[in-house]
Amino acid sequence: MREIGLLHEIFSSARLHLTFSQKEFVKETIKILNIFCPKIEELILKKFNKIVSSSNDKNITTKLFLDFIYSLRYPISWKKIKELKKMDKSAPLDLEFDEEVFFKTDLQKIKSIINEI
Amino acid sequence: MTTQKKTSYIVKYNYGRGVVDLGEYVISFATSCDLGCEYCYLKYSKVPKKPILYDLLREKFAEEIEILFSLPMEEKIFYLNAGETADSLLTITHFEELHKIVEITYGKAKKYNVRCFIELRTKTENIFKIKKIPTNNEFIKIVYTATLTPQNIIEKFEKAGRVASLQRRIEALKYALSLGLLVGIRLEPIIFYPVTGLSYKEILNSMQILLNNYRSLLFSCRDILNSKNFHSLALSSLRLTKKQYKILKNKRSELCFPEMFLCPDGKYRYSRPIRVKIYTELINYIKSISPQLISKLLLSFEFDYIWRACNLEVKKLKNLS
């Protein structure tokens, strides 16, 4: 029930805008994180309130909120995904690809980003 | 237990898109399993929950094995896995059927002068109950493989009591060695458990616990790993089908680790850096306790870019012994 209340608060907020697939991702993430951390809703709600009060620009708050959700869901990979995005936006962001086929340069750097913790 | 007719007993294993092919053929003599392991695809597929043994039509099996052995190939060596569609030693009846399969295979292997490995894969300790076990000869080698996992994972995700404890599985491997069989170990699936928290630091802490549990398991097996009859050691992290992932998520199963991605073969796996870290740490540990084992080490159900990231050369099961 707490989960539904939280989702309602996020999805009905006029301070950010999430697409259908982003909403689905948020829903799934909360559900999965809740298995391991029953207090996750409180943490998300606190951060959500902080983000939406930090700017009046919906684009900014949406991006900040999604970044936060991604970092919660993928604590190891999220930083790596962001680094990879900077290098090549078209690279698969799940990190599941053959870097030697995809990248022709900077291979050593790519390998250390995607393979090491 | 029920029986059913089967249209084909031997199939080339379909590993999935992009997954490294280890060259196995599957002997499909049974399906379903009542061991009820939470991570097993059988639990979620549309097969009856009770074990099924297919009617072994000797002539049909012999015909299929003959076709396989007569294929034009450079190397006449085959690796047949009899533990993929059901635990090979689920019941004594399963083993009796396998015994017939081994006999037929032996006859054909001799006729076509081929070498053939038959893998019996199990989580049970039923080998102790079997009175007559086929012996290895120049044509057929039985590879008794045990799926090993730390005891805390057995208790959490396998039905302790129905499957053997880790200690008994290791004893069963030693017993198989004493019978002159080849043996193998499958660390499959490697499960990220326990999860002590979800922050970056806590994930690393959980990973250290996981690695220590597996190091301790491998240390308990060092005599087996160093045996001349040791065939292969395979590492494989947890894989979940989309359907499994959805069901487990709704059941609030701790198998649904947050940092999992859908891979090119349509299965969810732990993220790439997590898998590579687990594999490389375990490979390094294995090298430290048994340096020669590197030539018998495989990644099961992994992509070539993961093998490469772990500095491991791709191998075929049939070429390991």
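Right above here is the structure, for reference.
Residues numbered from 1 in each chain as written. Chains lettered and ligands numbered in written order. Predicted model: local features only at pLDDT ≥ 70, side-chain atom pairs only at ≥ 80, totals over all residues. Heavy atoms only, no water.

(A) Structural detail: the nonpolar core. Counting 160 residues, the largest nonpolar core has Phe65 of chain A together with Leu233 and Leu235 of chain B as the members making the most contacts within it. Here this core takes 9 residues from helix 8 (residues 272-289) of chain B, the largest share from any one element. Leaving out residues up to four positions away in the same chain, Leu233 of chain B has contacts with Ile185, Arg186, Leu187, Leu218, Leu225, Ile286, Leu293, Lys296, Leu297 and Leu298 of chain B. (Core = buried A, V, L, I, M, F, W, Y, C linked by side-chain atoms within 4.5 Å. Buried < 20%, exposed > 50% of the residue type's maximum accessible area, 1.4 Å probe, protein only. Helix = DSSP H or I, 4+ residues; strand = E, 2+ residues; numbered from the N terminus. Contact = heavy atoms within 4.5 Å.)

(B) Representation of the side chain of Lys80 of chain A within the structure. Examined against the element boundaries, Lys80 of chain A turns out to sit in helix 5 (residues 78-87). Beyond its immediate chain neighbours, meaning those up to four positions away, Lys80 of chain A contacts Leu95, Ser112, Ile113, Glu116 and Ile117 of chain A together with Pro273 of chain B.

(C) View of the sheet that holds strand 3 (residues 24-27) of chain B. Residues and elements named next belong to chain B. If you walk across this open sheet you meet the 8 strands as 2-3-6-7-8-9-10-14, and the pairing is mixed. A strand with exactly one partner marks an edge of an open sheet, and here the two such strands are strand 2 (10-12) and strand 14 (297-299). Strand-to-strand, the axes of this sheet are offset by a mean angle of 25°, without reference to chain direction. Relative to strand 14, strand 10 (residues 230-237) runs parallel, the two sharing 3 bridges. Across the sheet, Ala234 pairs through a bridge with Leu298, a residue of strand 14. Against the sheet, helix 4 (residues 166-178) contacts strand 8 (140-147) and strand 9 (182-190), and its axis sits at roughly 165° relative to strand 8. (Pairing = 2+ DSSP bridges. Axes fitted to C-alpha atoms, helices over the stretch in contact; angles between N-to-C directions.)

(D) Representation of the environment of Ile51 of chain A in the model. All names here are of chain A. On the secondary structure map, Ile51 appears in helix 3 (residues 40-52). Exposure remark for Ile51: the relative accessible area of 7% places this residue in the buried category. Distance from Ile51 to Ser12, taken between C-alpha atoms, is 15 Å for residues 39 residues apart in sequence. Leaving out residues up to four positions away in the same chain, Ile51 has contacts with Thr61, Leu64, Phe65 and Phe68.

(E) Quick look at the packing of aromatic side chains. Across all of its chains, the model carries 25 aromatic pairs over all chains by this definition. Between the aromatic rings of Phe36 of chain A and Phe257 of chain B, the centroid separation amounts to 6.5 Å while the plane-to-plane angle is 80°, which identifies the pairing as edge-to-face. Taken together, the residues Phe36 of chain A in helix 2 (residues 20-36) and Phe257 of chain B in the loop between helix 7 (242-250) and strand 12 (260-262) connect one chain to another. Among the residues examined, Phe257 of chain B registers a relative accessible area of 0% and is labelled buried. Judged by centre distance (5.7 Å) and plane angle (45°), the rings of Tyr15 of chain B and Phe301 of chain B are tilted. Of this pair, Tyr15 of chain B sits in the loop between strand 2 and strand 3 while Phe301 of chain B sits in the loop between strand 14 and helix 9 (304-309), and the two are 286 residues apart along the sequence. The same class applies to Tyr15 of chain B as to Phe301 of chain B, namely buried. Cluster of aromatic residues (ring-pair linked, three or more members): Phe25, Tyr70, Tyr74 and Trp78 of chain A together with Phe261 of chain B. Between the NZ or CZ atom of Arg239 of chain B and the centre of the ring of Phe301 of chain B, over which it lies, the distance is 3.8 Å. Above the plane of the ring of Phe97 of chain A lies Arg272 of chain B, whose end atom (NZ or CZ) is 5.9 Å from the centre. (Phe/Tyr/Trp six-rings, centres within 6.5 Å; stacked < 30°, edge-to-face > 60°. Lys NZ or Arg CZ within 6 Å of the ring centre and 35° of its normal.)

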